[in-house]
Amino acid sequence: MAEIIQERIEDRLPELQQLERIGLFSRAEIKAIIKKASDLEYRIQRRTLFKEDFINYVQYEINLLELIQRRRVRIGYSFKKDEIENSIVHRVQGVFRRASAKWKVCVQSALSCKGCEDVYSTYCEYGYSNDDVQLWLSYVVFCKKWATKVQLSKVFSAMLAIHSNKPALWIMAAKWEMEDRLSSESARQLFLRALRFHPECPKLYQEYFRMELMHAEKLRKEKQEFEKAKMDVGNLEYAEEILMGELARIIYKNSVNIIKSAEFHVSLLSIAQLFDFAKDLQREIYDDLQALHTDDPLTWDYVARRELEIESQPGEEPPTTKQTKVAEVGRREERCCAVYEEAVKTLRTEAMCKCYINFCMERFAKKTSSRHLREKRLERTMVAFRKAHDLKLLSEFQYKQWSELLLQHDFLTEALEVAGAGMELFRGSVMMWQVKLQVLIASKSPDVAMLFEEASVHLKPQKAVLAVTGGDSVTLKDKYLDWAYRSGGYKKARAVFKSLQESRPFSVDFFRKMIQFEKEQESCKMANLREYYERALREFGSVDSDLWMDYIKEELNHPLGRPEHCGQIYWRAMKMLQGESAELFVAKHAVHQAGQL
């Protein structure tokens, strides 16, 4: 093994000599690079190989490439790239290929043993999970920046041969073929292959539908340019069906026969509306939506909101003055509300009432200088809330919204009535007790103290926190921790944290509050900070890249921190983070390292 490592190091010597000769690195820095490279080579030449060692090797080489780029800019030297950067790029590609081949063999042999019907369980059996994609994603990111398009196309092909069970990777590859290589045919073939693996994946159909519309739009622009230039295009023909988006229409028809949901139907309509030439297709999708999903609140919601986009009738003059524009907006909103009123009569469900209320709240939040329009919007919103209340279809959150809206406009009597009605319906809701207290305080009622005492009896803090589940419990835990710190200081807050630390679900803020409380102490203990970070990462380590970066910075900056642990934290992050979160973390870490240099 020593001979192999020595040979690898000797292969680096020409590029290292060039780096020193042109003044990008000093002799001492070259020696440090050789020492680090020797250690990295040793780790990937061992008998027992670990994926982390390959990622570590690649990351070091990428950091070196970026440092070379920055120093080239600083000294204004742009020559010798073939001897330096290209040599490093080829070496990194070799390491990627070796790593992917190592784990590719495991997967292929697994599939041949178990069969394609049990792909997912086979991946798990052989240690494969979503974090195994990170190596490939790193390879893709690297090739996008440093390699050629042909090389990246091969990388995508190899990746999809192994990870064919992940629709997002198929979409990534198809988009790259369409947008970077400008190859609609290659993108189409990738989507068709992907749909054979995932015939019921909505996202694949959406992106395939979008791609075919983009392709049709591109052909239409080409044809226009040729006609404008009066060029002879020989045998090149543009079929009218293709130019009108017939391929996209076929995808639409096939997909709605498989995925029968209003949400999916609306998503395709939203995509089609991005293309002006597809008016006929838009009308067809809209008509089908109304025919196929009449009993879905989302359909009524979409139909009602569409009234906002309908312009003046043919023959009518479009509004020009400020007053006529305001009047037009008012008429459109009236039409929307008329549709919602009909919808609530047809579908007497909480979901339908929620759509109506959300629309009214959104329009009321829109800024306008017209006092009449603002008052009209408020009136419509109150009507929507009252109708849902009469039908007993208001949720506790909507009672809260209604009460707060009344409070904002000093309708104190009505707010108290609404808060009381909500509390009677949801007596076990901490939120409704809080709303009632808020209204009483705002109205300066003498009953505040009495209600607060009653709430304390009904909702003992610890019991209430543990009894409430879902989103409410998350908010309640945050407030309880805040209250404990304000009323009893750090010691009480830590006791509350300890008592709740296994009572899921949590918010990230629950842990960040405790971290901040620790930092505010005169003797901030690094051991406690580690405990809070570790517990936070147990819950959010797969999605929150900022937590990992803050943990690394804490180890670097705290007087009792251990900088030598940062590398281990980095690779734990790379293993846990998924998709875009992982890429974001890599970018942030690179920026941080650059700042350290």
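Calculation rules
- Residues numbered from 1 in each chain as written.
- Predicted model: local features only at pLDDT ≥ 70, side-chain atom pairs only at ≥ 80, totals over all residues.
- Heavy atoms only, no water.
- Helix = DSSP H or I, 4+ residues; strand = E, 2+ residues; numbered from the N terminus.
- Buried < 20%, exposed > 50% of the residue type's maximum accessible area, 1.4 Å probe, protein only.
- Salt bridge = Lys/Arg side-chain N within 4 Å of Asp/Glu carboxyl O.
- Polar contact = N/O pair within 3.5 Å; in protein donor to acceptor, adjacent residues only side chain to side chain.
- Contact = heavy atoms within 4.5 Å.
- Axes fitted to C-alpha atoms, helices over the stretch in contact; angles between N-to-C directions.
- Parallel < 35°, antiparallel > 145°, perpendicular 65-115°, else oblique.
- Left-handed = near helix turned anticlockwise from the far one by under 90°.
- Nonpolar A, V, L, I, M, F, W, Y, C, P; charged D, E, K, R; others polar.

Section: the environment of Glu328
Checked against the element boundaries, Glu328 lands in helix 16 (residues 322-346). What makes Glu328 buried here is its relative accessible area of 7%. In this structure the C-alpha to C-alpha distance between Glu328 and Leu308, which are 20 residues apart in sequence, comes to 9.7 Å.

Let's talk about the pattern of salt bridges
One pass over the full model with this rule turns up 48 salt bridges. Its salt-bridge partner being Glu29, residue Arg71 comes within 2.9 Å of it at the nearest N-O pair. Here Glu29 lies in helix 2 (residues 27-45) and Arg71 lies in helix 3 (residues 51-75), a separation of 42 residues in the sequence. In this structure Arg71 comes out as buried when scored by relative accessible area, which is 15%.

Quick look at the side chain of Glu284
Along the chain, Glu284 falls in helix 14 (residues 279-292). For Glu284, the side chain forms a polar contact with the side chain of Arg249, separated by 3.0 Å. When near neighbours in sequence (up to four residues on either side) are disregarded, Glu284 contacts Arg249, Tyr252 and Lys253.

As for the environment of Ala272
Relative to the elements of secondary structure, Ala272 occurs in helix 13 (residues 262-272). Between the alpha carbons of Ala272 and Arg249 there is a distance of 9.8 Å; along the sequence they are 23 residues apart. Among residues more than four places away in sequence, those in contact with Ala272 are Phe209, Leu213, Ala278, Gln282 and Ile285.

Here we look at the packing of helix 13 against helix 15 (residues 297-306)
Contact pair helix 13 / helix 15: the axes reach a minimum separation of 8 Å and the direction vectors enclose 30°. Judged on the interaxial angle alone, helix 15 and helix 13 are roughly parallel. Where helix 13 crosses over helix 15, the two elements pack in a sense that is right-handed. Counting all contacts with helix 13, which are made through Ala262, Glu263, Val266 and Leu269, the residues of helix 15 involved are Leu298, Thr299 and Tyr302. Across the contact of helix 13 with helix 15, the residue classes tally to five nonpolar, one polar and one charged.

Things to note about the environment of Arg535
Structurally, Arg535 is set in helix 26 (residues 526-540). Note on Arg535: relative accessible area 17%, which makes it buried. Those residues in contact with Arg535 that sit more than four places away from it in its chain are Phe497, Gln501, Glu502 and Phe511.

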